[in-house]
Amino acid sequence: MLNFQEFQEYVQMKLRDVLPEEHKEVSIDLNQVQKNNGKELHAINVRTAGSNISPTIYIDGYFEKYQDGANLDSLMVDIARVAVKNINPPTEFGNIAQDFRDFNFVKDKIIMVAVNTARNKAMLADTPHQNREDLSLIYKAMLDNDRDGIATVTIKNDHLNYWGVTAAEIHQIAMDNSKELLPVTIQSMNEIMREMFSKDGMPDDMAEAMFGDMPMNQQMYVISNTTRVNGAAAMFYEDALSGLAEQMETDLFILPSSIHECIVVSTELGTPESLAEMVQEVNGTQVAEDEFLSDHVYRFDAKERTISLADITLAELESKVSDNTATYEATETNTEGARPRHHR
């Protein structure tokens, strides 16, 4: 059985053999892609002659299937099928490298995304961002948004230098665009459960009886955006949170479910410490590594319209991270002797 390195090299070497005749002259390159929270995925890029963009086909999943007993030849056919389907980029992407140099082309497409600061230090080093407690808001250009998904390009410091704009300007543009392009959605957990069971065939009256209305300050609310992708950034749409807090007549606790959504509850529903324990348990068992946002709970102050860490202070968190890092480095020293998106 091939190891992962051998599997990658095999795919690169043999893929051309299973491509249709009209695509035999493509270039096939291996690529490593840094995803959110430092997770690294491995891919191939299949590029036609004269094209400046190519589909990125992640092969980690194919290797897992291979390890589980899938036939290698069948996997190669599947990879080739994906390559052929995506080898010619959408028309609107044809001149993206040139278009991206024009700030007027990009300006109305810039949105913001929330990520964990500590887990994305390497990425943040060359990426404009604004820190919010233990999170950072980064900015992406949303090039496409349809039923097949969202296509984005992360904005880097080099882009700002080329365009001649500041990080503060980009932040305000992204905030305004995000509210317009990715409007906030707020649903009670009861409403979500009613919809889910109704779709599974439960009569509406029965679903209503099981998940009927409750006082707002006793319910959980899911906050995201209309695409349900990178929707946790909607927690920074202060108007939406203010409206919810006004209806509850309390401040709010915000529980980060993932980079895609958050849960909002009244501050009367529990202590920040107990809620943080719940968040940490869910993160440890149900949230994918590259979708993790935070282990901590935030408080929205309705009067001040501000968000702050609730179960821990930022200073305490930074000290904790520093202590953990020091312990890790000492352990390393002591034990060493023992020993489909498109890619621009």
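Rules used throughout
Counting of residues starts from 1 at the beginning of each chain's written sequence and follows it residue by residue. Predicted model: local features are reported for residues with pLDDT of at least 70 only, side-chain atom pairs are reported and counted for 80 or more only, and whole-chain, interface and lining totals are derived from all residues. Computation of side-chain values: all heavy atoms of the structure, hydrogens and water removed. Known as pLDDT, the predictor's confidence for each residue is given on a scale from 0 to 100. Any two residues whose heavy atoms approach within 4.5 Å at even a single point are treated as in contact. In what follows, salt bridge is the name for a side-chain nitrogen of Lys or Arg lying within 4 Å of a carboxyl oxygen of Asp or Glu. Only DSSP runs of H or I reaching four residues or more are called helices, and only runs of E reaching two or more are called strands; each is numbered from the N terminus. Note on exposure labels: buried denotes an accessible area under 20% of the residue type's maximum, exposed denotes more than 50%, and partly exposed covers the range between, all computed with a 1.4 Å probe on protein chains only. By convention, a stacked pair of Phe, Tyr or Trp rings (six-membered ring in the case of Trp) has centres within 6.5 Å and planes under 30 degrees apart, an edge-to-face pair has planes over 60 apart, and any other such pair is tilted. Expected span of a helix, by definition, is 1.5 Å for each gap between consecutive residues, and there is one gap fewer than residues. Polar contacts, as used here, are pairs of N or O atoms within 3.5 Å; protein pairs need one atom able to donate a hydrogen and one able to accept it. Residues neighboring in sequence count only if both atoms are side-chain atoms. Only buried residues count toward a nonpolar core. Its members are Ala, Val, Leu, Ile, Met, Phe, Trp, Tyr and Cys residues joined through side-chain atoms within 4.5 Å. For this quantity, the arc is that covered by the directions from the helix axis to the C-beta atoms.

K.L.:
Quick one: what's the story with the confidence of the model for the chain, residue by residue and with numbers?
P.N.:
Looking at the chain as a whole, the pLDDT averages 84, with 82% of positions reaching at least 70. Across residues 325-344 the pLDDT falls below 50, and counting only partners more than four positions away or on other chains, this stretch makes 28 contacts in the model.

K.L.:
Tell me about the pattern of salt bridges, and please be specific about residues and values.
P.N.:
As enumerated under the stated definition, the model contains three salt bridges in all. For the salt bridge of Asp 126 with Lys 156, the shortest nitrogen-to-oxygen distance reads 3.4 Å. With Asp 126 in the loop between helix H6 (121-124) and strand S5 (129-132) and Lys 156 in the loop between strand S7 (149-154) and helix H7 (157-163), this residue pair connects regions lying 30 residues apart in the sequence. For Asp 126, a relative accessible area of 39% gives the class partly exposed. A salt bridge links Asp 239 to Arg 305, with the shortest nitrogen-to-oxygen separation between them at 2.6 Å. Of this pair, Asp 239 sits in helix H11 (residues 238-248) while Arg 305 is found in the loop between strand S12 (298-301) and strand S13 (306-309), placing the two residues 66 residues apart along the sequence.

K.L.:
Report on the packing of aromatic side chains, specifying residues and quantitative values.
P.N.:
As enumerated under the stated definition, the model contains six aromatic pairs in all. Here the aromatic rings of Phe 63 and Tyr 66 are separated by 6.0 Å at their centres, their planes lie at 40°, and the arrangement is tilted. Placement of the pair is Phe 63 and Tyr 66 together in helix H2 (residues 60-67), with a separation of three residues, close to one helical turn. Tyr 66 shares its class with Phe 63; the two are buried. For the ring pair Phe 100 and Trp 163, a centre distance of 5.7 Å and an interplane angle of 50° mean the geometry is tilted. Of this pair, Phe 100 sits in the loop between helix H4 (96-99) and helix H5 (103-107) while Trp 163 sits in helix H7, placing them 63 residues apart in sequence. In this structure, Phe 100 and Trp 163 share a single accessibility class: buried. Clustering of aromatic rings is evident, with ring pairs tying together Phe 4, Phe 7, Phe 63 and Tyr 66.

K.L.:
Break down helix H3 (residues 72-86) for me, citing the residues and quoting the values.
P.N.:
Here H3 contains 15 residues, and its C-alpha end-to-end distance of 21 Å stays within 8% of the 21 Å for a straight helix at 1.5 Å per residue. Taking the backbone nitrogen of Asp 73 as reference, a side-chain oxygen 2.9 Å away marks Asn 71 as the first, capping residue of H3.

K.L.:
Would you mind going over the side chain of Ser 294 in detail, with residue names and values included?
P.N.:
With respect to the element layout, Ser 294 can be found in the loop between helix H12 (272-286) and S12. Within the structure, Ser 294 has its side chain in polar contact with the side chain of Asp 134 (distance 2.7 Å). Separated by 3.1 Å, the side chains of Ser 294 and Tyr 298 make a polar contact. The residues touching Ser 294, leaving out its near neighbours within four places in the chain, are Asn 116, Asp 134, Leu 135, Pro 256, Val 279 and Asn 283.

K.L.:
For the nonpolar core, give the residues involved together with the corresponding values.
P.N.:
Ranked by internal contacts, the top residues of the largest apolar core, which has 51 residues, are Ile 110, Met 112, Trp 163 and Ile 254. The greatest single-element share of this core, amounting to six residues, is contributed by strand S6 (residues 135-146). Dropping the residues within four chain positions of it, Ile 254 is found in contact with Met 235, Leu 241, Cys 262, Ile 263, Val 264, His 296, Val 297, Tyr 298, Phe 300 and Ile 307. In this structure, Phe 7, Leu 19, Phe 63 and Ile 79 belong to the second largest nonpolar core, which totals 21 residues.

K.L.:
Break down H2 for me, citing the residues and quoting the values.
P.N.:
Taken together, the buried positions of H2 are Asp 60, Tyr 62, Phe 63 and Tyr 66. Axial view of H2: buried residues confined to an arc of 160°, hence all on one face. The secondary structure elements touched by the buried residues of H2 are helix H1 (4-18), strand S2 (40-47), strand S3 (54-58) and H3. Following H2 by one or two positions, Gly 69 adopts a phi angle in the positive range, close to 110°.

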